[in-house]
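# Structural overview for review
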2 protein chains.
Amino acid sequence: MSYGKLLGAGTAVALVIATAGFAGSHAVKSSNATVAARHNQMQMVGYHIGVLGAVAKGEMAYDAAMVEAAAKNLAALATMERATLWAEGTEQGAADLSRAKAEIWQEPDAFAAKFKALEEASLAMVGAADAAAVGAAMGPLGGACKGCHEQFRGPKIE
Amino acid sequence: MSYGKLLGAGTAVALVIATAGFAGSHAVKSSNATVAARHNQMQMVGYHIGVLGAVAKGEMAYDAAMVEAAAKNLAALATMERATLWAEGTEQGAADLSRAKAEIWQEPDAFAAKFKALEEASLAMVGAADAAAVGAAMGPLGGACKGCHEQFRGPKIE
């Protein structure tokens, strides 16, 4: 059993994630434990999308086990139980560094559907047979991120 | 559907996690994306153990759905695919802020068994019927954390 020889020191992944502006936007940790845990969840999503993106762009060698692991971890992150991570009272304005819109708690079914879309886009990546197939599956994956952020994420905190 | 009324602003949880010294030790983010993702994973573990610990101590009201969500999320975190998160070349000394011992890659089956222990201790928490039952299940959960850290986590980084 071998854990990911291909990632090495993770330079390519760091590059991809930094370019996406994700790591930077969460450089400061929320004083609210629930919000901090959500940011951890989102950063793990960003990391795995970074891995897949690097494979799609040819910045990281295609490896079937690595792609499948990334896809499955994304699905696991998408299906996390929301009771602990999306506790009421942690919307933007109420909790430090939160960008969660109040609509998350007002429209829980619509919010759940967004995570379902992420789960499905992630599972569609399982079995991608080469870098081109990974690239083709990146669109729906990015679309799932965007779809949720547009509806349920508030403005950037300066 | 309601997302965790009981956590409120998460003050009790923040307190528990801070007391455990976990949040503080990861205040600085690794420049290595893989290590940062692992820290996110461990922080999510710490958060959910904090939730359960707060229930056990009576600092947070017992709520069956919340306890089950925390336990299931812990199990999901324990069963994350390791290919992406434990990439070779990210041991302590080789990657910024990593405390992962080289033994992780030398003894992968023993390492996998530690996560299996965390999964089992987490699933044993599902169905805990009151705060006392949560408390009783905390021991094995803490033991799973400790068992892995003692064998596979290197010295604290000053």
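In the block above lies the structure referred to throughout.
These remarks concern the structure in this document. (Residues numbered from 1 in each chain as written. Chains lettered and ligands numbered in written order. Predicted model: local features only at pLDDT ≥ 70, side-chain atom pairs only at ≥ 80, totals over all residues. Heavy atoms only, no water.)

Attention now moves to the overall build of chain A. A count of helices and strands for chain A gives 8 helices and 0 strands. Going residue by residue from the N terminus, the α and β elements of chain A occur as α-α-α-α-α-α-α-α. Looking at chain A as a whole, 49% of its 158 residues are labelled buried. Restricting the contact set of chain A to residue pairs at least 6 apart, pairs at least 24 apart contribute 74%. Element-wise, carbon and sulfur atoms account for 56% of the exposed surface of chain A, whose accessible area totals about 6,600 Å². (Helix = DSSP H or I, 4+ residues; strand = E, 2+ residues; numbered from the N terminus. Buried < 20%, exposed > 50% of the residue type's maximum accessible area, 1.4 Å probe, protein only. Contact = heavy atoms within 4.5 Å. Areas by Shrake-Rupley, 256 points an atom, 1.4 Å probe, with all protein chains shown as cover.)

Once that is clear, we can look at helix α4 (residues 64-78) of chain B. With 15 residues, α4(B) extends 21 Å from end C-alpha to end C-alpha; this agrees with the ideal 21 Å at 1.5 Å per step. Burial in α4(B) covers these residues: Met66(B), Val67(B), Ala69(B), Ala70(B), Ala71(B), Asn73(B), Leu74(B), Ala75(B), Ala76(B), Leu77(B) and Ala78(B). Close packing links the buried residues of α4(B) with α5 (82-85) of chain A together with α3 (33-56), α5 (82-85), α7 (108-123) and α8 (131-152) of chain B. (Expected span 1.5 Å × (residues − 1).)

What follows covers the side chain of Ser98(A). Secondary-structure assignment places Ser98(A) in the loop between α5 and α6 (103-106). Setting aside residues up to four positions removed in sequence, Ser98(A) forms contacts with Val35(A), Arg38(A), Thr90(A), Glu91(A), Gln92(A), Gly93(A) and Ile157(A).

In this section: the packing of α7(B) against α8(B). Residues and elements named next belong to chain B. In contact at an axis separation of 8 Å, α7 and α8 are set at 165 degrees when each is read in the N-to-C sense. Classified by the angle their axes make, α7 and α8 are roughly antiparallel. Crossing angle aside, the handedness with which α7 passes α8 is left-handed. In this structure, α7 contributes Ala110, Phe111, Lys114, Ala117, Leu118, Ala121 and Ser122 to the contact, and α8 contributes Pro140, Leu141, Ala144, Gly147, Cys148, Gln151 and Phe152. (Axes fitted to C-alpha atoms, helices over the stretch in contact; angles between N-to-C directions. Parallel < 35°, antiparallel > 145°, perpendicular 65-115°, else oblique. Left-handed = near helix turned anticlockwise from the far one by under 90°.)

Moving on, we come to the packing of aromatic side chains. Residue and element names in this part refer to chain A. Using the criterion set out here, one finds 8 aromatic pairs over all chains in the structure. Geometrically, the ring pair formed by phenylalanine 111 and phenylalanine 152 is edge-to-face, given 5.2 Å between the ring centres and 80 degrees between the ring planes. Note that phenylalanine 111 is positioned in helix α7 (residues 108-123) and phenylalanine 152 in helix α8 (residues 131-152), a separation of 41 residues in sequence. The burial state of phenylalanine 111 is the same as that of phenylalanine 152; both residues are buried. (Phe/Tyr/Trp six-rings, centres within 6.5 Å; stacked < 30°, edge-to-face > 60°.)

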